[in-house]
Amino acid sequence: MSTSPERLDAFMGRANAAYYASRDPFGAGGDFTTAPEITQAFGECLGLWAAVTWQLMGRPDPVILAEAGPGRGTLMADALRAARAMAPDFAQAARLHLIETSPLLREAQRARLPEAEWHEDLAGLPDGPLILLANEFLDALPIRQFLRRGGAWVERFVEHDRFVERPAPDAPLPDAGEEGEIREVNEPARAISAALGARLAAQGGAALFIDYGPAESGPGDSLQAIRNRQAANPLSDPGAADLTAHVDFGALAEAARAAGAATHGPLPQGVFLLRLGLHSRAAALAASDPGRGARHLEAATRLTAPEAMGRLFKALVLCHPTLATPPGFETA
Ligand code: SAH
């Protein structure tokens, strides 16, 4: 463990790399759960979203089907099963590529998706038309935090298990703000959005990001640690808890548009999934699985209800500027 102050993003990157390399955090006995682990209907709906988006793209064959941060591989396994059943041409054309840094989670993914190719980052994807899915990937990327002190920005560093502040004359922020206000900047997420925006504009396709954060970016500290389904101190015991921050969808959309892409959303997850027919799918699952029917319906409600995951979670699409509106993002 380092003793000199470490910038928050370096600390968070190191802590999460250690965390994801050492465990499978998902599911019943894990630290937290995610939409694909709550119901198979989530990945199935996203698989059909990808199939319709592929049709809107003009049915390129082959097409790169990629996922960033696939966890246990559940979302993509569900998506491909639905695609094989409902859109076999798309499933045939799709070449599967997964972006994952954790060796342990890569093994879990390989068990379910043996046909995939793995990459350390998005830059490793081959060229060509792309459909990319990512659920709860961006929130795990490291943030910087700045505070307004005495009419200037200072930046948060971590020393032992405490924050210390250092002057930040080059903060990537306007030189203005309320005394005491906290601003977060996720530089890797912005860089990914900009690079993907440029790539989609040049080579075609669409990227769907689902994550949590407010519709309008604003000041505030959203860094949190989750361990055993409970909030923990983010600074103590790096690597023992999952560190996340709210995603600034506005900043991501702006970075992608500046690079030449079009964007749709952010849309509340509940609205997006209702439009994709999540509840119809849950009802069909309930009808074919009477012993657990109520659980299928409750799971779908958990993903769509505003007071559960329906409002805080958002869906954002980056895409080629002439692509027709992807399913779920119709404005009417
Ligand atoms: N999408 C999955 C998992 C979300 S957890 C689900 O919804 O269940 C975050 C995932 O991103 C994990 O698979 C983690 O190992 C991966 N990850 C975290 N940081 C990453 C990085 N910098 N590059 C690639 N993958 C990363």
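In short, a report on the structure. Fair warning: this is a prediction, and the values are worked out from it, not measured in the lab.

Considerations on the packing of aromatic side chains
At step 1: Tallying each qualifying case throughout the model produces five aromatic pairs.
At step 2: Look at tyrosine 212 and phenylalanine 313: their rings are 5.3 Å apart centre to centre, the planes differ by 40°, and that puts the pair in the tilted class. Taken as a pair, tyrosine 212 in strand E10 (residues 205-212) and phenylalanine 313 in strand E15 (residues 313-319) lie far apart in primary sequence, 101 residues in all.
At step 3: Summarising the aromatic geometry, the rings of phenylalanine 272 and phenylalanine 329 are spaced 5.1 Å apart at their centres and angled 40° between planes, so their arrangement reads as tilted. A residue pair is termed long-range when its members are at least 10 positions apart, and phenylalanine 272 in helix H9 (residues 269-276) and phenylalanine 329 in the segment after E15 qualify at 57 residues.

Overview of the sheet that holds E10
At step 1: Strands sit in the order E4-E3-E2-E5-E10-E15-E14 across an open sheet of seven strands; the sheet is mixed. Here the strands that pair on one side only, and so sit at the sheet edges, are strand E4 (117-119) and strand E14 (262-268). Put simply, the sheet's adjacent strands are angled 20° from each other on average, direction ignored.
At step 2: When E14 meets E15, the two strands line up antiparallel, connected through five bridges. The residue of E15 that forms the bridge with threonine 263 is leucine 318.
At step 3: Lying on the sheet, H9 is in contact with E10, E14 and E15; it crosses E14 at an angle near 100°.

A word on the environment of aspartate 78
At step 1: Within the element layout of this structure, aspartate 78 appears in helix H4 (residues 74-86).
At step 2: Given the relative accessible area of 7%, aspartate 78 is considered buried.
At step 3: Separated by 42 residues in the primary sequence, aspartate 78 and proline 36 place their C-alpha atoms 8.3 Å from one another.
At step 4: Reaching out from aspartate 78, the side chain makes a polar contact with the side chain of arginine 81 at a distance of 3.1 Å.

Comments concerning the site of the ligand
At step 1: Contacts to the ligand come from 17 residues, most closely from Thr34, Gly69, Gly71, Glu100 and Asn135.
At step 2: Glutamate 100 places a polar side-chain atom, nitrogen or oxygen, 2.5 Å from an oxygen atom of the ligand.
At step 3: Calculation on the ligand without its partners gives an accessible area of 570 Å², and the protein chains cover 90% of this total.
At step 4: Residues of the shell around the ligand, tallied by class, amount to eight nonpolar, six polar and three charged.

Describing the sheet that holds strand E12 (residues 230-232)
At step 1: Read across the sheet, three strands follow the order E12-E11-E13 without closing on themselves; strand pairing throughout is antiparallel. Pairing within the sheet leaves two strands with one partner each, and these edge strands are E12 and strand E13 (242-244). Strand after strand, the sheet turns through a mean of 40° between neighbouring axes, direction not considered.
At step 2: Pairing geometry for strand E11 (residues 224-227) and E12, over three bridges, is antiparallel. If you follow alanine 225 over to E12, its bridge partner there is alanine 232.

So, the pairing of strand E5 (residues 130-135)
At step 1: Counted residue by residue, E5 has six buried out of six residues, so it is predominantly covered.
At step 2: Going residue by residue along E5, you find Leu130, Leu132 and Ala134 tucked away on one face and Ile131, Leu133 and Asn135 tucked away on the opposite face as well.
At step 3: Inspection of the sheet shows strand E2 (residues 63-68) paired to E5 by four bridges, in the parallel sense. Bridge pairing links alanine 66 to leucine 132 in E5.
At step 4: As paired strands, E5 and E10 are joined by six bridges and run parallel to one another. The partner of leucine 133 across the bridge, within E10, is leucine 208.

So, the packing of helix H3 (residues 40-56) against helix H10 (residues 278-288)
At step 1: The contact between H3 and H10 brings their axes to 10 Å, and the two run at 130°. The orientation of H3 relative to H10 falls into the category oblique. As for how H3 packs across H10, the hand of that crossing is right-handed. Residue-level inspection shows Gln40, Ala41, Phe42, Glu44 and Cys45 of H3 in contact with H10, the latter providing Leu278, Arg281 and Leu285.
At step 2: Broken down by class, the residue content of the contact of H3 with H10 amounts to five nonpolar, one polar and two charged.

Conventions and cut-offs
- Residues numbered from 1 in each chain as written.
- Predicted model: local features only at pLDDT ≥ 70, side-chain atom pairs only at ≥ 80, totals over all residues.
- Heavy atoms only, no water.
- Phe/Tyr/Trp six-rings, centres within 6.5 Å; stacked < 30°, edge-to-face > 60°.
- Helix = DSSP H or I, 4+ residues; strand = E, 2+ residues; numbered from the N terminus.
- Pairing = 2+ DSSP bridges.
- Axes fitted to C-alpha atoms, helices over the stretch in contact; angles between N-to-C directions.
- Contact = heavy atoms within 4.5 Å.
- Buried < 20%, exposed > 50% of the residue type's maximum accessible area, 1.4 Å probe, protein only.
- Polar contact = N/O pair within 3.5 Å; in protein donor to acceptor, adjacent residues only side chain to side chain.
- Near = heavy atom within 4 Å.
- Areas by Shrake-Rupley, 256 points an atom, 1.4 Å probe, with all protein chains shown as cover.
- Nonpolar A, V, L, I, M, F, W, Y, C, P; charged D, E, K, R; others polar.
- Parallel < 35°, antiparallel > 145°, perpendicular 65-115°, else oblique.
- Left-handed = near helix turned anticlockwise from the far one by under 90°.

Any functional reading would require information beyond the geometric quantities listed.
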